[in-house]
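What follows is each chain in one-letter form.
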Amino acid sequence: AALRTGSGLVSCFVPQCGEHILQSSLPEVMAESSNNKHVLSKEGLPELERFDAIGVGPGMGTSAEARDCLIYLLEKFEKPMVLDADAINIIAANRELLSLLRAEVILTPHLIEFERLVGKCRDQIERMDKALAFCEQYPCVLVLKGANTVITTPDGEQYFNSSGTQFMATAGAGDVLTGMLSSFLGQGY
């Protein structure tokens, strides 16, 4: 998705066991792998300074190594970052990580991931209120995916995307959004 939305150079950090799969299916992507065959680790991460933006979470898993990798990225990478899927699940399970969020971070939870962060919601109105409170407390941008996606900013603004369809409700659509947002952030948007 990042390649198709204008990124000239895309790197993908995967466990070593996924490097050949990635290179054979997307040879134009720079594949980088960790030393450990089956898990991501912060020790194997490439130099972060060369990246303009990072998307984290899809396919990451929620292991202790993945958690440590996410902590490392949140602490060391000061440029824009998109957190989705397992990155959100790791934060929800380790609430002390919420303090590492900042305005350059975009979270893209679906409804269940969002409730893992803020608790159950009765309806969309309560969801919107909790999104506002979340972004006020933790200065990040929140893209709450759903039939009418709600984008909440740290300054209390909410924007609605009413152009979604039921065809977006499929596995992997959020991964595409992560790639697109990472690409746009890397291009300076």
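Everything here concerns the structure above.
How each quantity is defined
- Numbers given to residues run from 1 along each chain, matching the order in which its sequence is written.
- Whole-chain, interface and lining totals are the exception, using all residues; otherwise, since this is a predicted model, local features are given only for residues with pLDDT of at least 70 and side-chain atom pairs are given and counted only at 80 or more.
- Water and hydrogen atoms play no part in the side-chain values, which are based on all heavy atoms of the structure.
- In this description a helix means any DSSP run of H or I spanning at least four residues, a strand means any run of E spanning at least two, and both kinds are numbered starting from the N terminus.
- Relative accessibility decides the category of a residue: with a 1.4 Å probe and only protein chains considered, values under 20% of the type maximum give buried, values over 50% give exposed, and everything between is partly exposed.
- We define a polar contact as two N or O atoms separated by no more than 3.5 Å, with the added condition that, inside protein, one atom must be a possible hydrogen donor and the other a possible acceptor, whereas residues neighbouring each other in sequence contribute only through side-chain atom pairs.
- Here, residues are in contact when the closest pair of their heavy atoms is within 4.5 Å.
- Each salt bridge in this description consists of a side-chain nitrogen of Lys or Arg and a carboxyl oxygen of Asp or Glu lying within 4 Å of one another.

Novice: Help me get a handle on the side chain of Asp84, residues and values and all.
Specialist: Examined against the element boundaries, Asp84 turns out to sit in the loop between strand S4 (81-83) and helix H3 (85-93). Exposure remark for Asp84: the relative accessible area of 2% places this residue in the buried category. Polar contacts involving the side chain of Asp84 include one to the side chain of Thr108, which spans 3.0 Å. In contact with Asp84, not counting residues within four places along its chain, are Val56, Gly57, Pro58, Thr108, Glu113, Lys145, Gly174, Asp175 and Thr178.

Novice: Go over the pattern of salt bridges, please, and point to the residues and values.
Specialist: Scanning the entire structure with this criterion turns up seven salt bridges. With its nearest N and O atoms 3.4 Å apart, the salt bridge here joins Glu104 to Arg102. Of the residues examined, Arg102 reaches a relative accessible area of 15% and is grouped as buried. Two residues, Lys130 and Glu126, come together in a salt bridge whose shortest N-O distance is 3.6 Å. Of this pair, Lys130 and Glu126 both sit in helix H5 (residues 124-137), four residues apart, which is roughly one turn of the helix. Judged by relative accessible area, Lys130 falls into the partly exposed class, the value being 21%. On the basis of relative accessibility, which here comes to 15%, the residue Glu126 falls in the buried class.

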